[in-house]
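For reference, the chains in residue letters:
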Amino acid sequence: MLVKIGYRNLLRNKRRTVNVLLTVAFGTASLFLFHGFNASVMDLYRENTIKSRWGNGQINTPGYRAQVFEKPWEHWIQNPEPVIKTLSAIPSVQYVFPRMEFFSLISNGKMNMAGRGQGVDGATEAKFFNNMNFVAGHNLEGEVDGIVVGRGLATAMNAKIGDRLTLLTNTVHSSINGADTTLTGIFHTGIKEFDDSFFRVPLKLAQTLLDVNSVESISLGLDSYQNWDKAAAEIKEKLPDYEATPFNVLDEIYYQHSVDWLKSQFTIFQTIIITVVILGIFNTVSTSILERKQEIGNLRANGESAGDVLAMLFWEGTFMGIAGGLLGLIIGLFIAQVLLANGITMPPAPGITRTFHFPIQLQPEMGMQTFVMGLMACIFATALAGFKVSRQPIADLLRAV
Amino acid sequence: MTKAPTLGVQLKGIQFNYTLGKQSIPALRGLDLNLVAGDFVGVLGPSGSGKTTLLNLVGLIEPLQEGVYLWEDKDVRHLRDQDRNAIRKYEMGYIFQSFNLFPTLDAYDNVEFFLTRQNMAATERKERVEWALKGVNLWEHRNKRPLEMSGGQRQRVAIARALAKRPKFIIADEPTASLDHKTGQTIMEELAKLNRETQCTLLVSSHDPMVRGFLKRTIHLQDGVIGHAG
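Residues numbered from 1 in each chain as written. Chains lettered and ligands numbered in written order. Predicted model: local features only at pLDDT ≥ 70, side-chain atom pairs only at ≥ 80, totals over all residues. Heavy atoms only, no water.

## Some remarks on the environment of A:H188
Next up, step 1: Its place among the elements puts A:H188 in the loop between β7 (176-187) and α6 (192-197).
Next up, step 2: Within the structure, the side chain of A:H188 is placed 3.4 Å from the side chain of A:R151, a separation counted as a polar contact. (Helix = DSSP H or I, 4+ residues; strand = E, 2+ residues; numbered from the N terminus. Polar contact = N/O pair within 3.5 Å; in protein donor to acceptor, adjacent residues only side chain to side chain.)

Written as structure tokens, this is what we have:
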């Protein structure tokens, strides 16, 4: 019967009920959309990090990443072929990218720039690293003397596709070595530090320049980022002499810090939205409860406890929360699917130089989460408003006008 | 009609003060009262004489400040909250001047509500609601909501609601005050019939001289003390 009264009470003052419903609905819709937007941002950050530079993770010799060595090449993967073969056999591993990094002078005959080179398997990498955003030319595709450079570096050197660029570096034996390359592509990952100093050449060319047969690291391209833990466990089992590091650790500064920052920001927004919703509902429900003091007094006079009265208000809050939450999800879906069907274009994020286009990614679990949040906010606000009244002396309640 | 169980209510040396800011205003001053089963007692007196305060005290709505109140030989001061709730829920019925019906429920549901809260079986509830509504001649109007009824009808629903609980004791605070003379008389007739047929104890407050003719005895309150009893 308390449930019935709770439900019927919603129909007493329709305008007030609509007010509460809309407060819950727009709160839920805001959270739902913000969740969706945030998920999209996180996904894009992740994809950008994985598919522009790091892959899903990287294999090195143990402790290599944590220490600085006088002769780092002595700690590289000396015999990469069996390691590559083992890694390729892991089911979730789609691509294996042996790599090495080195410092080099890069010259076009008119000027010399200091750059950081990566020796990569261009043809294989082109299949996976599709977020390098080539603004001119294309990725390395098996050219023996090809080179791709970051946009910042290319602009500084005024380099154009087809230009001959000379690399000058030291071999591991400290003698000077050099190689002539042909510019095949200019990339723009959006990460300024990377675009201003990095260039990529075929792995074989890099090995010749440094006079080594080893590789510094082996990056991995998985079928899904969610399979990293499984793959890492297998690597640990099959290649105990090597260390596997996921992309978010490799790129802690750009990716992990950005994600942590966005999550904190999201929590703050979420708290603000929920607080506004609770205050809005509290205000409206308080008025409604104050008008029903005599009725509550009657309930108490007839033996209902303060808890029973709160239970009745709980049901009112629950009905409004459910209705408002569902309405909020519908509003959220409508906005995402119809009004923002093309997503939102955002200016460059922290540490990135290009704009991003974000679709609103609404997922069922987010819908459930935001619905529960809206419902809880409604129940909490109703209970808060009813708590004091339910504990007032019965005679005072009955005397209320 | 079914007979109500017996009741014994004893009040001795009851004092009650309201606090307004720093002022303490006495509402009841050393009041003694005994009620026995089947009593139909009227508390008469002008506004502000302490009638409602007395009824609220007897009805365990106001806390006891000074004096002794024995409910069936139990000192109410020693009752726990849940015991008081249980007495109010199962043994007392209330009729208020302003009816205090649930506006969202029809007459039937209003009468049934507190029975539901007693966890009574559906068949017994139905039997009691029908009995109570027929007793106040409102069975035909059982599907009407309070706003669709006259003041007299609403007060009769309130009586039926109190009646359906089959309490030992019914407290009616100014049950005729919001009604015209003729309707007020009808309501008093209903209460007298209830008292006659069920031996339920009734304590009724009023400042309307009309009610006297229906009462078994009266208490005249003046400034919180009993002026004379008849």
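## Here we look at the interface of chain A and chain B
Next up, step 1: Between chain A and chain B, the contact holds 22 residues from the first and 25 residues from the second.
Next up, step 2: Summed over both sides, the interface of chain A with chain B buries roughly 2,200 Å², with 56% coming from carbon and sulfur.
Next up, step 3: At the surface where chain A touches chain B, the tally comes to 3 salt bridges.
Next up, step 4: Among the ionic pairs, A:E304 bridges to B:R117, the shortest N-O distance being 2.9 Å.
Next up, step 5: Across the chain A-chain B interface, the total number found is 9 residue pairs in polar contact (both at pLDDT 80 or more).
Next up, step 6: Those elements that provide at least two residues to the side of chain A that touches chain B are α1 (2-9), α11 (293-301) and α14 (394-399) of chain A. (Contact = heavy atoms within 4.5 Å. Buried area = accessible area lost by both parts, 1.4 Å probe. Salt bridge = Lys/Arg side-chain N within 4 Å of Asp/Glu carboxyl O.)

## Describing the pattern of salt bridges
Next up, step 1: Counted under the stated rule, the structure contains 21 salt bridges over all chains.
Next up, step 2: In this structure, A:R164 and A:D145 form a salt bridge, with 3.0 Å as the shortest nitrogen-oxygen distance. One end of the pair, A:R164, is in strand β6 (residues 164-170); the other, A:D145, is in the loop between β4 (134-137) and β5 (146-150), and 19 residues separate them in sequence.
Next up, step 3: The exposure class assigned to A:R164 is partly exposed, which follows from its relative accessible area of 45%.
Next up, step 4: One salt bridge connects B:E124 with B:R128, and the closest N-O pair in it is separated by 3.1 Å. Residue B:E124 and its partner B:R128 are both found in helix α4 (residues 122-135); the two are separated by 4 residues, about one turn of the helix.
Next up, step 5: For B:E124, a relative accessible area of 33% corresponds to the partly exposed category.
Next up, step 6: Classification of B:R128 by relative accessible area gives buried; the value is 10%.
Next up, step 7: If you follow the salt bridges from partner to partner, you end up with A:R99, A:E125 and A:R200 in one network. (Buried < 20%, exposed > 50% of the residue type's maximum accessible area, 1.4 Å probe, protein only.)

These figures come from the coordinates and say nothing about function on their own.
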